Amino acid sequence: MQYWLMKSEPSEVSIDDALAAPASTVPWTGVRNYQARNFMRDLMRPGDGVLFYHSSCPEPGIAGLAEVASDAYPDPTQFERDSKYHDPKATPETPRWMLVDVRAKRKTALLSLAVLRADPALAELAILKRGNRLSITPVSASEWRCILQHLSK
DNA sequence: GCCAACGTTGGC
DNA sequence: GCCAACGTTGGC
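Residues numbered from 1 in each chain as written. Chains lettered and ligands numbered in written order. Predicted model: local features only at pLDDT ≥ 70, side-chain atom pairs only at ≥ 80, totals over all residues. Heavy atoms only, no water.

1. Observations concerning the protein's contact with DNA strand B
Piece 1. Taken together, the residues surrounding DNA strand B are Tyr 34, Arg 130, Gly 131 and Arg 133.
Piece 2. Within 4 Å of the protein, the contacting atoms of DNA strand B are drawn from sugar and phosphate to the extent of 72%.
Piece 3. Within the side chain of Arg 130, one N or O atom sits 2.2 Å away from a phosphate oxygen of DNA strand B.
Piece 4. At 2.7 Å from a base oxygen of DNA strand B is found a side-chain nitrogen or oxygen belonging to Arg 133.
Piece 5. Here the surface near DNA strand B is composed, by residue class, of one nonpolar, one polar and two charged. (Near = heavy atom within 4 Å. Polar contact = N/O pair within 3.5 Å; in protein donor to acceptor, adjacent residues only side chain to side chain. Nonpolar A, V, L, I, M, F, W, Y, C, P; charged D, E, K, R; others polar.)

What follows is the structure in structure tokens.
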């Protein structure tokens with residue numbers, strides 16, 4: 001059982017969008033970074049805990065709780081010529097990009113970056129590290145507990 | 001819109 | 001394999 005933080009731009013897929021989807025489940029399309037892909041492909045397992053993070057928006061922060069809902073499989077958008085996620089070097093025989101399904105569990109009060117930064121127990125949280133742009137990052141069990149504690153306030 | 005930080009590309 | 005140029009991310 002592992003824990004993750006996954007960024008999504010709410011103008012693309014917000015926690016509300018995910019909760020409104022069939023079975024509250026969305027395919028995590030569009031990841032085009034090898035490290036993030038490898039996390040999904042090699043380390044994620046169904047049932048892993050997910051912090052649903054809103055990025056590139058007026059109020060960035062943790063907006064909900066979710067879980068990994070599938071093993072990794074090829075991201076179909078890489079094969080779609082008219083998709084902005086199309087990758088001409090990918091073929092169904094040799095896919096490059098993988099994704100997992102994510103099931104939203106609940107929306108939370110927004111846990112802002114300022115609040116996260118103010119907690120010394122979260123000093124090592126990857127999302128708070130300078131220059132970190134990874135859209136998927138691991139969260140330790142103690143960080144997860146700490147964040148749940150914040151969310152229960 | 002700015003800009004720091006980082007990943008990727010491609011010429012050599 | 002180096003590394004400069006370029007593109008992207010994402011908070012502010």
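2. Some thoughts on helix α4 (residues 141-151)
Piece 1. The complete set of buried residues in α4 reads Glu 143, Trp 144, Cys 146, Ile 147, His 150 and Leu 151. Viewed along the axis of α4, the buried residues span an arc of 165°, placing them on a single side of the element. The exposed residues of α4 that point more than 90 degrees off its buried face are Arg 145 and Gln 149.
Piece 2. Considering only its buried residues, α4 is in contact with β1 (3-8), β3 (49-54), β4 (61-68), β7 (101-112), α3 (113-118) and β8 (136-139). (Buried < 20%, exposed > 50% of the residue type's maximum accessible area, 1.4 Å probe, protein only. Helix = DSSP H or I, 4+ residues; strand = E, 2+ residues; numbered from the N terminus. Arc of directions from axis to C-beta. Contact = heavy atoms within 4.5 Å.)

3. Details of the protein's contact with DNA strand C
Piece 1. Around DNA strand C, the surrounding shell consists of Lys 7, Tyr 53, Ser 55, Ser 56, Pro 60, Leu 113, Arg 117 and Arg 133.
Piece 2. Expressed as a percentage, the sugar and phosphate content of the atoms of DNA strand C within 4 Å of the protein is 74%.
Piece 3. Tyr 53 places a polar side-chain atom, nitrogen or oxygen, 2.8 Å from a phosphate oxygen of DNA strand C.
Piece 4. Interatomic distance of 3.2 Å between a side-chain N/O atom of Arg 117 and a phosphate oxygen of DNA strand C.
Piece 5. The residue makeup of the surface near DNA strand C, split by class, is three nonpolar, two polar and three charged.

4. Side note on the sheet that holds β8
Piece 1. Read from one edge to the other, the open sheet built from six strands follows the order β2-β7-β4-β3-β1-β8, with strand pairing classed as mixed. Strands with a single pairing partner mark the edges of an open sheet, and in this sheet they are β2 (25-27) and β8. For this sheet, the mean angle separating the axes of adjacent strands, direction not counted, is 35°.
Piece 2. Here seven bridges tie β4 to β7, and the two strands are oriented antiparallel to one another. Residue pairing across strands places Gly 64 opposite Lys 107, the latter belonging to β7.
Piece 3. Packing of helix α2 (residues 34-43) onto the sheet brings it into contact with β1 and β8, and relative to β8 it is tilted by some 55°.
Piece 4. Along the sheet, α4 makes contact with β1, β3, β4, β7 and β8, crossing β7 at roughly 60°. (Pairing = 2+ DSSP bridges. Axes fitted to C-alpha atoms, helices over the stretch in contact; angles between N-to-C directions.)

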